[in-house]
Amino acid sequence: MIRLMLAEDNDIVREGLSQMLAAQVGITIAAEAENGDSALEKLQAGIAVDVMLVDWNMPGISGVELTRRIKRLMPHIKVIILTMHSKDEYRVQAFNAGASAYVLKDLEVEDLAKIIREVYTIG
Amino acid sequence: MADKREYEEPGQSAWKGRQAFLLRFSDTLRAYNNQDDIGKAAMKMLAKELDLDRCYCAMIELTKDRAQVMYQSGNSLIPPIPDTLSLSNFSELLLQANEGPLTINNVGIDNRLTAVDRASFAAISFHAVAACTIRRGKKHPVWSLVAVQSVPRKWTEVEIMLLEEAAERLYSAIENTRALTALAESEKKYRTLFNSIDECFCIIQMIFDESGKPVDYLILEANPALYELTGLTDAIGKRMRDLVPGHEQFWYDKYGEIALTGKPARFQHRADALGRWYDVYAFPIDKPQELKLAVLFKDITERKDEEKRQVEEERLKTYLLLQKSEETALLGSWEFNRLNGHFTWSDGMYRLFDLKKGTQVIPAIYLAHTNEKSLAKAERVVQYILNSDSDFEETLEMNISGKIKVLRIKGTPIRNNQGDIEHILGVDQDISAMWAAEDKIKKMEQEQQLKIFRTSLSTLEEERHRISESLHNGIGQLLYGIKINMSRFRTGASDEELRHNKAYINELLSQAIIETRRVSHELMPTTLEQFGLKSAIDDICRQLSGAIVFNCHISIQHNRLEKYMELAVYRTAQELMTNVVKHAKATTCDVTIIIGTDQVKIAVNDNGRGMTEEADKVDGIGLASIRSKIELLDGKLTIASNSGKGTHVEVLIPHQGLTNKHSRL
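If you look chain B up in an unreviewed UniProt entry, it shows as Oxygen sensor histidine kinase NreB from Pedobacter terrae. The annotation that UniProt attaches to chain B under Cofactor (unreviewed entry) is "[4Fe-4S] cluster". Regarding chain B, the UniProt comment filed under Subcellular location (unreviewed entry) reads as follows: "Cytoplasm".

For chain A, an unreviewed UniProt entry supplies the name Response regulator receiver domain-containing protein and the organism Pedobacter terrae.

Chemist: Describe the sheet that holds strand β16 (residues 421-430) of chain B, naming the residues involved and giving the relevant values.
Modeler: Residues and elements named next belong to chain B. In spatial order, the strands read β13-β12-β16-β15-β14; together these five strands make up an open sheet with antiparallel pairing. Each end of this open sheet is capped by a strand with a single partner; those strands are β13 (343-345) and β14 (392-400). Direction aside, neighbouring strands of the sheet carry axes that sit 25° apart on average. Pairing geometry for strand β15 (residues 403-415) and β16, over nine bridges, is antiparallel. Across the sheet, the residue bridging to lysine 410 is valine 427, located in β16. Together, β12 (331-337), β13, β14, β15 and β16 form the strand contacts of helix α12 (residues 375-387), whose direction differs from that of β14 by roughly 125°. Those strands touched by helix α13 (residues 432-486) are β14, β15 and β16, and its axis lies near 115° from that of β15.

Chemist: Kindly report on the domain arrangement of chain B, identifying the contributing residues and their values.
Modeler: For chain B, the assigned domains are domain 1 (12-181), domain 2 (197-299), domain 3 (330-430), domain 4 (451-523) and domain 5 (525-665). Between the C-alpha centres of domain 2 of chain B and domain 5 of chain B the distance comes to 99 Å.

Chemist: Can you tell me about the UniProt feature "modified residue: 4-aspartylphosphate" (unreviewed entry) in chain A, naming the residues and giving the values?
Modeler: Sites flagged by UniProt as "modified residue: 4-aspartylphosphate" (unreviewed entry) map to Asp55 of chain A. With respect to the helices, strands and loops of the structure, aspartate 55 of chain A is situated in strand β3 (residues 51-55). Residue aspartate 55 of chain A is classed as buried on the basis of its relative accessible area, which comes to 0%. If near-sequence neighbours (up to four positions away) are discounted, aspartate 55 of chain A is found in contact with Ala7, Glu8, Asp9, Gly63, Leu82 and Lys105 of chain A together with Gln477 of chain B.

Chemist: Lay out unusual backbone geometry with the relevant residues and their values.
Modeler: Residue and element names in this part refer to chain B. One non-glycine residue, aspartate 286, adopts positive backbone phi at about 55°. Along the chain, aspartate 286 falls in the loop between β10 (276-285) and β11 (292-299). Taking relative accessible area as the criterion, aspartate 286 reaches 54% and is therefore assigned exposed. Its identity as a non-glycine residue notwithstanding, lysine 585 has a phi of 50°, on the positive side. Summarising the element assignment, lysine 585 is placed in the loop between α17 (563-584) and β18 (588-595).

What counts as what
Residues numbered from 1 in each chain as written. Chains lettered and ligands numbered in written order. Predicted model: local features only at pLDDT ≥ 70, side-chain atom pairs only at ≥ 80, totals over all residues. Heavy atoms only, no water. UniProt positions renumbered as here; feature names shortened; annotations may be inferred. Pairing = 2+ DSSP bridges. Helix = DSSP H or I, 4+ residues; strand = E, 2+ residues; numbered from the N terminus. Axes fitted to C-alpha atoms, helices over the stretch in contact; angles between N-to-C directions. Contact = heavy atoms within 4.5 Å. Domains from an automatic or database assignment. Buried < 20%, exposed > 50% of the residue type's maximum accessible area, 1.4 Å probe, protein only.

See the structure below:
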């Protein structure tokens, strides 16, 4: 099972994703965080996570910064950036920070689950 | 009586002899110019000719009842007659002499006389009397010539005729002499006056050439003042051209005109050749064809000099004032004479060009001192000075003694009576300082505009950012949330699940609609537009109140604000309150807005975490853009904050409250 942590400040999106992805095969929601600080705290607290689904825009630590820190502290964790921004510049920033995937917030939950699995498998 | 003489006339020859005497008598009298001499000589001659013991003439003054004995001559046989005789003492007979010749041959026997008369005559030895009276009209005796003998005498007709004729000639001679004396006296008085007056009185005769042009005048007569007032000597009978060759034609023209028109004239004019000013009154005399003028004039040079001195003094004062003004205003004035090409500068001009006063200058000096940039303009200035027929103005950048000066040059043509341009008058002003100031203002304006541009740009960017954020974090997220949750409608879900999901999706859609409205409202505060500032601020408070309790107080002391000012107050309050929501971590926030008579005060005080860094207090989080916008409105933003003790932001914006319509506050 892929242990997934959601870092998303929007409650509706976070809860919706949590519920929908939890229903997908091979994915379990290891933790949820409403911002970057909370996510880091939980990781540092020892929650085991394989893949992080990180929102780009969050109050406090941004999604890119959170990615950079995760990859520095726990490089084995795969990070998928979830965003409304479609511009390539954002995408480049995300990959430079160590993200494994850059996903727009318009994907069907199934497609998102597929990407999570691919990232987890391929890295 | 014994010596009584019979003076027999030998007829015609006797009268001829008397006539010869009368000629001698007249000739003798004519030789005298003094009436006393004439009277005395006449008496003497008559006494001798007629062999009289006494002869006298007396002036008859009937009104005064007396006869004044003027002259007499005689021998000792009859004593001298008193100077004054009372007519009332005269015998009636003697008084008849006033009406015609009277002869008394023998006083002692003449029965026309009374005994008293005879006794009176005898007392003064009068024994024969002949009297002739000169009358004015028939009955107004003037004076009598009386011949007296100390012995009886038979007066002949010839003797009486001679007496009458002699009396007539004597009277004429005396009257004539008296008249001449009076005339001489009068003449003397006139001469004295004529010679003593300070003004010159002269008589001249105009001389015209063949074409009728007055070319000279002859000085016929003049009082001594002529020499005093002109410096001439020996001028009588001489021509003015000979006396003063350089005497201006004006004088000949003027006198010629008076002589020809017959109209007197008074004028003041300077005679340069004589070096004096004159006040003249000239008028024609005698017959017009004689072209004679009487000229009365006085030397007013001193007065004119004084006037000139005063004018000079005034001119000097004006000049000094001008000089001072030029100095103060960094001005210089100039004049270009197009007739002779002289270019004259005031002291101020020399100062402007840093040249020694009096240095000779020409219009081309502008070319010599102009820098490359202003050369074309300088050429125009020179052309204007030399040829322009209208006003001109140019501004030149000049290099003067190594310094850059900006001169504004203005010129105006001055026309003569014929309308021709003779002079160009101009003023140059050093406007370097003014230019520098204008330049500075221009730069400041540019900087201000740049600031406005930057602020506007940054405001626009902020707005876009906020809209972007609103769309991204608000509506976008909601829509994505809806999309995710749409997955709940999977096949095989129970009715209960479907109902629950539908309700959830509906709720999300409602939130999306509310969010859309909020964004829209944020973009354009319709409440402000429709209900005014108070309602709009209340709206913000309502919308933002949640985790933070906003206590909003709006005090309106002035109910008129410009529309842009309302919007500025609204946006400032909105941004300050949004900042509190975003950054302050506060639970309460007091917002006070006071619309005063001349300024608006916005105070936002929260009980949040406060600002930790000094830098934050200057350009605190999210406050930099607010500050720049406030500054553009001449407003001021101050922040007071301590860590953990909240933040107090105060904004003061001056306003003039000018709108004519009633505010919707």
